[in-house]
Amino acid sequence: MKTLFALGVWCLLFVLCWPLAILALLAWPLVWLLSLPFRLVGITFSALFAFLGAVFMLPARLLGGGRATTA
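Okay, so let's go over this structure. (Residues numbered from 1 in each chain as written. Predicted model: local features only at pLDDT ≥ 70, side-chain atom pairs only at ≥ 80, totals over all residues. Heavy atoms only, no water.)

**Some details on the overall build of the protein**
Line of reasoning, step 1. When helices and strands are counted, the protein shows two helices and zero strands.
Line of reasoning, step 2. In terms of overall size, the protein is more extended than a compact globule, its C-alpha atoms giving a radius of gyration of 23 Å where 71 residues would be expected to give roughly 11 Å.
Line of reasoning, step 3. Projected onto its principal axes, the C-alpha positions of the protein cover 65 × 30 × 15 Å. (Helix = DSSP H or I, 4+ residues; strand = E, 2+ residues; numbered from the N terminus. Rg over C-alpha atoms; globule rule 2.2 N^0.38 Å.)

Shown next as structure tokens:
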């Protein structure tokens, strides 16, 4: 659905101002490449916080806390 919305917005931009639409189409790969390091940093921090949360909760889980399993 997001892709369809983006395509519709691009088509509207193409009708209203076609040079800007062509420029946006050509600049999109460059913007994607520039944002890639920020995505990698975000994934790294997300994994780091998940790991720290697991380490801090380990003593409670070993002592029997946490989620109860139903058998």
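**Re the packing of aromatic side chains**
Line of reasoning, step 1. Tallied over the full model, the rule gives two aromatic pairs.
Line of reasoning, step 2. For the ring pair Trp10 and Phe14, a centre distance of 5.2 Å and an interplane angle of 25° mean the geometry is stacked. Taken together, the residues span about one helical turn, with Trp10 and Phe14 both in helix H1 (residues 2-16) at a distance of four residues.
Line of reasoning, step 3. When its relative accessible area of 24% is taken as the criterion, Trp10 is described as partly exposed.
Line of reasoning, step 4. Residue class for Phe14 comes out partly exposed when judged on its relative accessible area of 37%. (Phe/Tyr/Trp six-rings, centres within 6.5 Å; stacked < 30°, edge-to-face > 60°. Buried < 20%, exposed > 50% of the residue type's maximum accessible area, 1.4 Å probe, protein only.)

**A short note on the packing of H1 against helix H2 (residues 18-62)**
The relative placement of two packed helices is expressed as an angle between their axes plus a distance between the axes.
Line of reasoning, step 1. Look at H1 against H2: their axes get within 5 Å of each other, and the N-to-C directions meet at 140°. Our classification of the angle between H1 and H2 gives oblique. Where H1 approaches H2, its residues Trp10, Leu13, Phe14 and Leu16 are matched on the opposing element by Trp18, Leu20, Ala21, Ile22 and Leu25.
Line of reasoning, step 2. Classifying every residue of the contact of H1 with H2 gives nine nonpolar, no polar and no charged. (Axes fitted to C-alpha atoms, helices over the stretch in contact; angles between N-to-C directions. Parallel < 35°, antiparallel > 145°, perpendicular 65-115°, else oblique. Contact = heavy atoms within 4.5 Å. Nonpolar A, V, L, I, M, F, W, Y, C, P; charged D, E, K, R; others polar.)

**Observations concerning the state of the cysteines**
Line of reasoning, step 1. Tallied over the full model, the rule gives zero disulfides.
Line of reasoning, step 2. The closest cysteine sulfur to the non-disulfide-bonded Cys11 is located on Cys17, 14 Å from its own sulfur.
Line of reasoning, step 3. Exposure remark for Cys17: the relative accessible area of 32% places this residue in the partly exposed category. (Disulfide = S-S within 2.5 Å.)

**Details of H2**
Line of reasoning, step 1. If you check H2, its first and last C-alpha atoms are 62 Å apart, about what 45 residues at 1.5 Å a residue would give, namely 66 Å.
Line of reasoning, step 2. Taking the largest bend as the criterion, H2 deviates by roughly 40°, centred on Ala27, and proline Pro29 comes between one and four positions later. (Expected span 1.5 Å × (residues − 1). Bend = angle between axes of the 7 residues up to and from the residue.)

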